[in-house]
Amino acid sequence: MLDTAREPRRLKSYVLGDWRAGEGAGKPLAHAATGETVAFIGSDGLDFKGALDWGREVGGPALRKLTIHQRALMLKEIGIRLMEMKDAFYDENYATGATRKDGWIDIDGGIGTMLTFASKARRELPNTRVLTDGAVEPLSRDGSFSAQHILTPLQGVAIHINAFNFPVWGMLEKIAPSLIAGVPCLVKPASQTAYLTELVVRRMLEMEILPAGALQLVCGGVGDMLDHVTGQDIVTFTGSASTGQMLRSHPAVIANSTRFTMEADSLNAAILGADAGPGTPEFDLFVKEVVREMTVKAGQKCTAIRRVLVPREHEQAVIEALSARLGQTPVGLPDDENVRMSALASLKDRDSVRDKIRALQAEAEIVSGNPDEVNLVSGDAETGAFLSPVLLRCDNPMGATAVHEVEAFGPVATVMAYGDADEAVALARKGKGSLVSSLFTDEPAVAEEIILGLAPWHGRVLIGNRASAKSSTGHGSPLAPLVHGGPGRAGGGEEMGGMRGVKHFMQRTAVQGAPGLLSAVTGQWIDGAPVRSDRHPFRKSLAELRIGDQIITAAREVTEEDVEHFAHFTGDTFYAHMDSEAAKANPFFDDRVAHGYLIASFAAGLFVDPAPGPVLANYGVDNLRFLTPVYFGDSLKVRLTCKEINPRENADHGEVRWDCRVTNQDDEVVAQYDVLTMVAKTWPLPAE
Ligand code: NDP
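Given the structure is predicted, the values throughout are model-derived calculations rather than measurements.

1. Quick look at the environment of Lys348
For step 1, the next point in the chain: Within the fold, Lys348 resides in helix H11 (residues 347–361).
For step 2, the next point in the chain: For the pair Lys348 and Ala385, spaced 37 residues apart in sequence, the C-alpha separation works out to 8.1 Å.

2. A short note on the site of the ligand
For step 1, the next point in the chain: By nearness alone, 24 residues border the ligand, and Ala163, Gly239, Ser240, Thr243 and Cys302 come closest of all.
For step 2, the next point in the chain: Looking at side-chain class alone, the shell around the ligand contains 9 nonpolar, 11 polar and 4 charged residues.

3. Things to note about the nonpolar core
As a rule of thumb, nonpolar side chains are buried together in soluble globular proteins.
For step 1, the next point in the chain: Counting residues in each nonpolar core, the largest one holds 152 residues, and the members touching the most others are Leu75, Ile180, Val290, Val308 and Leu309.
For step 2, the next point in the chain: Ignoring any residue separated from it by four or fewer positions in sequence, one finds Ile180 in contact with Ile68, Arg71, Ala72, Leu75, Phe117, Ala121 and Val502.
For step 3, the next point in the chain: Ala583, Val593, Cys642 and Val670 belong to the second-largest nonpolar core, a separate cluster that totals 35 residues.

4. Here's the deal with the UniProt feature "domain: MaoC-like" (unreviewed entry) in the protein chain
For step 1, the next point in the chain: Within this structure's numbering, the places UniProt gives as "domain: MaoC-like" (unreviewed entry) are residues 547–657.
For step 2, the next point in the chain: A helix fraction of 30% and a strand fraction of 32% characterise residues 547–657, whose end C-alpha atoms lie 9 Å from each other.

5. Considerations on the sheet that holds strand S4 (residues 27–30)
For step 1, the next point in the chain: Across the sheet, 3 strands lie side by side as S1-S5-S4; this open sheet has mixed pairing. Sheet topology places strand S1 (9–10) and S4 at the edges, where each strand pairs with a single neighbour.
For step 2, the next point in the chain: Both S4 and strand S5 (residues 37–41) contribute to a ladder of 4 bridges, which runs antiparallel. Each residue of the ladder has a partner; that of Lys27, found in S5, is Ile41.

6. Describing the UniProt feature "domain: Aldehyde dehydrogenase" (unreviewed entry) in the protein chain
For step 1, the next point in the chain: Sequence positions flagged by UniProt for "domain: Aldehyde dehydrogenase" (unreviewed entry) are, in local numbering, residues 60–509.
For step 2, the next point in the chain: Measuring from the first to the last C-alpha atom of residues 60–509 gives 19 Å, for a span that is 37% helix and 19% strand.

7. A few points about the environment of Ser541
For step 1, the next point in the chain: As for its position among the elements, Ser541 is in the loop between helix H16 (515–522) and strand S23 (550–552).
For step 2, the next point in the chain: On a C-alpha basis, the gap between Ser541 and Pro684 in space is 8.6 Å, while along the polypeptide they are 143 residues apart.
For step 3, the next point in the chain: Ignoring any residue separated from it by four or fewer positions in sequence, one finds Ser541 in contact with Pro614, Val679, Ala680, Lys681, Thr682 and Trp683.

8. Some thoughts on the sheet that holds strand S22 (residues 506–513)
For step 1, the next point in the chain: One open sheet holds the 3 strands; their spatial order is S6-S7-S22, and the pairing between them is antiparallel. Two strands in the sheet have a free side with no partner beyond their single neighbour: strand S6 (131–138) and S22. On average, adjacent strands in this sheet sit at an angle of 20° to one another, irrespective of strand direction.
For step 2, the next point in the chain: Sheet analysis places S6 next to strand S7 (residues 146–153), joined by 5 bridges and oriented antiparallel. Residue pairing across strands places Asp133 opposite His149, the latter belonging to S7.

9. Here we look at unusual backbone geometry
For step 1, the next point in the chain: Cis peptide bonds are those with omega within 30 degrees of zero, and the linkage from Trp683 to Pro684 qualifies with 0°.
For step 2, the next point in the chain: In this structure, Pro684 sits in the segment after strand S28 (669–680).
For step 3, the next point in the chain: With a phi close to 50°, Lys297 is a non-glycine residue in the positive phi region.
For step 4, the next point in the chain: Within the fold, Lys297 resides in the loop between helix H9 (281–295) and strand S14 (307–311).
For step 5, the next point in the chain: Even without glycine at this site, Ala298 takes up a positive phi of about 50°.
For step 6, the next point in the chain: Tracing the sequence through the fold places Ala298 in the loop between H9 and S14.

10. A short note on the packing of helix H2 (residues 68–84) against helix H5 (residues 169–181)
For step 1, the next point in the chain: Where H2 meets H5, the closest approach of the two axes is 8 Å, and the angle between their N-to-C directions is 150°. When the interaxial angle is binned, H2 and H5 end up roughly antiparallel. Seen from H2, the contacting residues are Ile68, Arg71, Ala72 and Leu75; seen from H5, they are Ala176, Leu179 and Ile180.

The rules behind the values
- Residues numbered from 1 in each chain as written.
- Predicted model: local features only at pLDDT ≥ 70, side-chain atom pairs only at ≥ 80, totals over all residues.
- Helix = DSSP H or I, 4+ residues; strand = E, 2+ residues; numbered from the N terminus.
- Near = placed C-beta within 6 Å.
- Nonpolar A, V, L, I, M, F, W, Y, C, P; charged D, E, K, R; others polar.
- Core = buried A, V, L, I, M, F, W, Y, C linked by C-beta atoms within 7 Å.
- Buried ≥ 20, exposed ≤ 12 C-beta atoms within 10 Å, placed from the backbone.
- Contact = placed C-beta atoms within 7 Å.
- UniProt positions renumbered as here; feature names shortened; annotations may be inferred.
- Pairing = 2+ DSSP bridges.
- Axes fitted to C-alpha atoms, helices over the stretch in contact; angles between N-to-C directions.
- Parallel < 35°, antiparallel > 145°, perpendicular 65-115°, else oblique.

What follows is the structure in structure tokens.
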């Protein structure tokens, strides 16, 4: 059972390269389920301006010296080591009122999210310090003036003001994209559960993997910190809409146009499709999901289902099914294995949820649960912040407001009946913007109509049905590769979404200039930039290869025999290659044409240097386009230019992208694409 013998500890902040306690004894933080003091918190007297300067002047430059892959590898290493020590985090997590299962979302989920970012960054982003965004924009007829959008890390600090409900995930899902982008972080966890965040940050800093200044922590208030933000800083906020609006309108945030991302109250809906009546797998999945979302973390999830929208004819059946399950939820101490739902984070939160239920009761009646009574399997209802799951029903949801606007941040949801799909969408939209909503249907037409109706009001929507029942990650789980955040009431912010999340911490800049200079800025060769043709680039290892290294091949004629041979050899006897009359009737061709893949194959035959050498493998092509038809007798040649070099951090090779342009005897481009290869860092390869 709970370790209540442990001495409460005074939480410290990590700023300006040191662990520092605020002045005085600090404010006591109570165990959610027992009420005992677990820690003291306070940050009075800390130098908040100094902390921001430290991040900008020490952390930022150190991070920016590293490439994206090097930053990602640091996070991978940290993530692996945090996983090894996670039991200690689970022990600490009980004090927040989270069961072991709740902790899995926060702790394993948080570390997993960071590891996913670390892995996606190395797979999807180049190993550089600057990113390009989109294609080169030609701005002149003669190719002497072009533009390229680039992304560079902002040179301020990412200040992450987090909510109490996910002390680990809330921190890691935000620092991962910031640090990969090259922006130092200052994490300010919500006080109520800051002891767990502090423990994790302590362990991370003890690893001595991150450069100095890359990660700071403030346990307690942020004092005058926001007075000192600049246009290079970013503030991300998760919590109540009222605090978020206040911080967003801070004079310094406004004056400096400081980027401010907000994730606040969200009245997420789950919709049962009209086709998904009792007896269907979708009905059962829906009921299970609503119960799960109401009880996991005692409903203290920003993504939890608050509004249960059901076809009028199935309303009673849904209420009965939900009530039956909710009534059987064992509530008690978080480390009691018989318990499914434990306490809210604090007595204050429980009181606030009770107040919100009373506000909802102005428009809805309670159909299951009692906010003032809880049957516990363990623990004490006086000292622990326990609450029964409470289900309400609103009779006139189209005319109601509170049920769409009051977020009771606990195990509380309201059932509302709808007439048709339009009404279901209209009700969901009354939430004025949500993080997520879900639809349970097996009917494609229902999915199309409702999801397209919901999408503009949501950051994420999930469709549940029998086909995905086993594999679905569920309504409430934000995933690292997917956008998290939502418009309107949900705060208007957007987080994660894979590498989109990294780019939120970078500045997009359109750079215009001559190709050679653009190429020098981005590290990528573009058409018109200088080239070097000293020897075949396939003979060069990464130690010698440079962008702009080029080969222009000899010409090769394409004959009718070639096309016939290729057609019969591969089985591709499409009429445009085989039948002159039919080809002429085709609006794109004047006669029989060569296969596009024959052209690409001939191109390889022209540019490849066959002997063993530093080019280890060809792993594909990107953006392959056949631009001009090739007729019998045409003569093709290839210009192959080294466009981008990505050395792998932990391997003897790297990826090289080659610009490949195939032209005919009239210098028309017949095919264009990027060839992707693996090239050894040195040649010959080091002995095993
Ligand atoms: P708050 O808005 O009070 O706190 C959120 C964060 O802001 C905390 O880190 C808090 O720190 C900090 N904060 C509060 N005041 C200031 C300030 N003046 N300057 C700088 N930082 C400040 O929300 P709570 O965590 O108390 O939750 C309240 C409600 O918010 C919940 O009941 C729920 O309705 C909603 N909520 C919504 C979430 C969502 O993602 N949709 C997530 C969590 C909560 P400190 O704790 O030290 O005060």
